[in-house]
Amino acid sequence: MITADLGMQTTQQLISALEGRRGRGQLESPQQLRAALMEELEQLLTLDRRPLSVESSSPYVIMVVGVNGVGKTTTIGKLANQLTQQGKKVLLGAGDTFRAAAAEQLTIWGERAGVEVVRHQEGADPGAVAFDAAKAAVARQADVLILDTAGRLHTKLNLMEELKKLRRILEREIPGAPHETLLVLDATTGQNALNQARLFNEAVAIDGIALTKLDGTAKGGIVVAIAAELQLPVRFVGIGEGVDDLRPFEPAMFVEALFEN
Ligand SMILES: Nc1nc2c(ncn2[C@@H]2O[C@H](COP(=O)(O)OP(=O)(O)OP(=O)(O)O)[C@@H](O)[C@H]2O)c(=O)[nH]1
Ligand SMILES: [Mg+2]
């Protein structure tokens, strides 16, 4: 369990749950132990949290955050495509003004999904992008607005302050926004992902997680620790770089994959 990135605390929690079961005579064979462990893991991952439901507000605003290179922009592209296919009118905001290539990358995804992108020049204030994107989402009667943000280290206080400001701007323009603050985590990260989740959650109150790069060898066991400690649900998993490579998170399937070699 440690090597699967579950972490010490979660592992201990699982062991005591299993000891409880043994005490009740429920663990007599290795098969029972394995099944019990899988059940406990699945239970940890099945959280009673508000689901991401874009119908609950119009426009429904999703703010996407995370450290550099985890797959924020790619996940937004995939999600925009899915929502468009469901008949939603989607608008994207290029809140990553840090690199010129960032808005360009989002625009390419926008074209792929057939959705418009609100963008400013490189170096522009991301707050101004958030403001314009929110205004445009209301004016164009978009069902969903997804705001991209620049990758940032969770330990950089000034950059976390900037995210708080983006949150406030969205909130001021659209009541209840952002309805979903989605933290993107790279499954290959390991224990550091727990720290990322803690600090992003403290700064901007995370609602859910997108776990990317599960198509590699990483199993992303760290989300069990994140679920146990922070009660944050995984909404989506990324299983490749293509537009269709985004899936809803299925705890049972995920746990089974944890047990595969
Ligand atoms: N294999 C795989 N690659 C992915 C997945 N999601 C994203 N990537 C790749 O990861 C790299 C970074 O993705 P981006 O979407 O640019 O990441 P980002 O978080 O927006 O990066 P910054 O804006 O620089 O912080 C790209 O090469 C993506 O193709 C995934 O689920 N699987
Ligand atoms: Mg990006």
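In this text, all values refer to a predicted model and were calculated from it rather than measured experimentally.

**Student:** Lay out the environment of Pro233 with the relevant residues and their values.
**Tutor:** If you trace the backbone, Pro233 turns up in the loop between helix 8 (222-230) and strand 7 (234-238). Take Pro233: there are 22 C-beta atoms within 10 Å of it, and that puts it in the buried class. Sequence separation between Pro233 and Pro248 is 15 residues; the distance between their C-alpha atoms is 11 Å. Excluding residues that lie within four positions of it along the chain, Pro233 makes contacts with Leu47, Arg49, Gly208 and Ile209.

**Student:** How would you sum up the site of ligand 1? Please name residues and give values.
**Tutor:** In the vicinity of ligand 1 there are 20 residues, among which Gly71, Thr73, Thr74, Gly151 and Gly238 approach most closely. Counting residues per element, the shell around ligand 1 draws most heavily on helix 3 (residues 72-85), which supplies three residues.

**Student:** Outline the packing of helix 3 against helix 4 (residues 100-113), listing residues and values.
**Tutor:** Axis separation between helix 3 and helix 4 bottoms out at 9 Å; the angle between their running directions is 20°. Judged by the inter-axis angle, helix 3 sits roughly parallel to helix 4. By crossing handedness, the relation of helix 3 to helix 4 is classed as right-handed. Residue-level inspection shows Thr73, Ile76, Gly77, Ala80, Asn81 and Thr84 of helix 3 in contact with helix 4, the latter providing Ala102, Gln105, Leu106, Trp109, Gly110, Arg112 and Ala113. Partitioning the contact of helix 3 with helix 4 into residue classes produces six nonpolar, six polar and one charged.

What counts and what doesn't
Residues numbered from 1 in each chain as written. Chains lettered and ligands numbered in written order. Predicted model: local features only at pLDDT ≥ 70, side-chain atom pairs only at ≥ 80, totals over all residues. Helix = DSSP H or I, 4+ residues; strand = E, 2+ residues; numbered from the N terminus. Buried ≥ 20, exposed ≤ 12 C-beta atoms within 10 Å, placed from the backbone. Contact = placed C-beta atoms within 7 Å. Near = placed C-beta within 6 Å. Axes fitted to C-alpha atoms, helices over the stretch in contact; angles between N-to-C directions. Parallel < 35°, antiparallel > 145°, perpendicular 65-115°, else oblique. Left-handed = near helix turned anticlockwise from the far one by under 90°. Nonpolar A, V, L, I, M, F, W, Y, C, P; charged D, E, K, R; others polar.

As far as function goes, none of this settles anything; it's purely spatial.
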